[in-house]
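# Structure at a glance
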Amino acid sequence: MSIHGDRGLGLRLTLASLAVALIMIPFTLLLVVAKMPVNGLDAEAARYLHEYALTHPEVTRLLIVWTDLFGPWPWRVAVIAYAVWLLHKGAPRLAVWAITTITVGGLLGLALKIVVARARPHLPDPVALAPGDSFPSGHAVNVTLGAGVIVLLVLPLLPRWGRAVAWAVACFVVLSVGYTRIALGVHWVSDVVAGIVLGVAVIAATAAAFETWRREQGRRPASPPVEGVEPEFVKVSDEQK
């Protein structure tokens, strides 16, 4: 692959990242101006789930284990490790896409936390504590990014039925981690929803940028959600066996 092609990919990933930032930051500011119209739902869900957590300590302990197991850093480490493996397999551009996606998403989530500066739920007798601001949920952002990136990387290696299973497992992990953040009283419902939306937006933008770059290189059109971001990777992997 030419240096020009590599630069083209880098430029497209950069533009895609900027596009997400230019859309999500003003959208978040509009939510702030609107005084978070979902505050009623947030408060009611927090109250109900907090009461349940207090009366079911065994479930609460399980939720704490689950939220830590699939927290931000495990996903970052997993994606970085996968990227290193991709480099070893001769797929550097795929590795760049994976690292760019999870890094940009994480930084955007942090930027939105600073912009909104929303306080976390303040509940009597809390069952869990978390530092920093509340909106969006960092766990929700990173579990969406991590699960989405890994699924899009492994899709070319899976049979058709395996792809459906992979997406189903990813959705379950994302939703279950989001639930733990609300049930443990460290995030509002809207924090988690925003985190998932942000993660999906970043993945969609960078995957679309990668697909556009692929087509410019003369490769056949593909559908990333069905075939992965680089369907040709299965051939590269087979050649190195």
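Residues numbered from 1 in each chain as written. Predicted model: local features only at pLDDT ≥ 70, side-chain atom pairs only at ≥ 80, totals over all residues. Heavy atoms only, no water.

Summary statistics for the protein give a mean pLDDT of 84 and a share of 84% for residues scoring 70 or more. Mean pLDDT across the secondary structure elements of the protein bottoms out at helix α10 (residues 233-239), with 54, and peaks at helix α6 (residues 138-154), with 96. (pLDDT = per-residue confidence, 0-100. Helix = DSSP H or I, 4+ residues; strand = E, 2+ residues; numbered from the N terminus.)

Within the element layout of this structure, P92 appears in helix α5 (residues 92-116). In contact with P92, other than residues within four places in its own chain, are L86 and L87. (Contact = heavy atoms within 4.5 Å.)

Moving on, we come to the packing of aromatic side chains. Taken as a whole and judged by the stated rule, the model has five aromatic pairs. Residues Y82 and W85 carry aromatic rings whose centres are separated by 5.5 Å and whose planes lie at 90° to one another, so their mutual orientation is edge-to-face. Taken together, the positions of Y82 and W85, both in helix α4 (residues 72-88) and three residues apart, correspond to about one turn of that helix. Judged by its relative accessible area of 32%, W85 falls in the partly exposed class. Put simply, the rings of W66, F70, W75 and F172 touch in pairs and so form one group of aromatic residues. Of note, R76 hangs over the ring of W73, and the distance from its end group to the ring centre comes to 4.7 Å. (Phe/Tyr/Trp six-rings, centres within 6.5 Å; stacked < 30°, edge-to-face > 60°. Buried < 20%, exposed > 50% of the residue type's maximum accessible area, 1.4 Å probe, protein only. Lys NZ or Arg CZ within 6 Å of the ring centre and 35° of its normal.)

We now examine a nonpolar patch on the surface. On the surface, a nonpolar cluster with roughly 320 Å² of combined accessible area is contributed by L107, L110 and I114. Along the polypeptide, L107 turns up in helix α5. (Patch = residues over 30% accessible without salt bridge, like charges linked within 9 Å, V, L, I, M, F, W, Y side chains within 5 Å. Areas by Shrake-Rupley, 256 points an atom, 1.4 Å probe, with all protein chains shown as cover. Salt bridge = Lys/Arg side-chain N within 4 Å of Asp/Glu carboxyl O.)

Now for the nonpolar core. If you look at the biggest cluster of nonpolar residues, it comprises 56 residues, and the most contacted ones within it are L86, L94, W97, L153 and V229. Taken together, the elements giving at least two residues each to this core come down to α1 (3-33), α2 (39-55), α4, α5, α6, α7 (160-183) and α8 (189-216). Ranked by residues supplied to this core, first place goes to α8 with eleven residues. (Core = buried A, V, L, I, M, F, W, Y, C linked by side-chain atoms within 4.5 Å.)

Next up on the list: the packing of helix α3 (residues 57-69) against α7. Put simply, α3 and α7 touch, their axes get as near as 9 Å, and they point 125° apart. Between α3 and α7, the crossing angle belongs to the class labelled oblique. Between α3 and α7 the crossing geometry is left-handed. Contacts between α3 and α7 involve L63, W66 and T67 from the first element and F172, S176, V177, Y179, T180, R181 and A183 from the second. Here the contact of α3 with α7 is composed, by residue class, of six nonpolar, three polar and one charged. (Axes fitted to C-alpha atoms, helices over the stretch in contact; angles between N-to-C directions. Parallel < 35°, antiparallel > 145°, perpendicular 65-115°, else oblique. Left-handed = near helix turned anticlockwise from the far one by under 90°. Nonpolar A, V, L, I, M, F, W, Y, C, P; charged D, E, K, R; others polar.)

Let us now look at the pattern of salt bridges. As enumerated under the stated definition, the model contains ten salt bridges in all. In this structure, R214 engages E232 in a salt bridge whose closest nitrogen and oxygen atoms are separated by 2.4 Å. One end of the pair, R214, is in helix α8; the other, E232, is in the loop between α9 (224-227) and α10, and 18 residues separate them in sequence. Side by side, R214 and E232 carry an identical accessibility label, which is buried. A salt bridge links R220 to E227, with the nearest nitrogen and oxygen atoms 2.5 Å apart. Using a relative accessible area of 18% as the deciding quantity, one classes E227 as buried.

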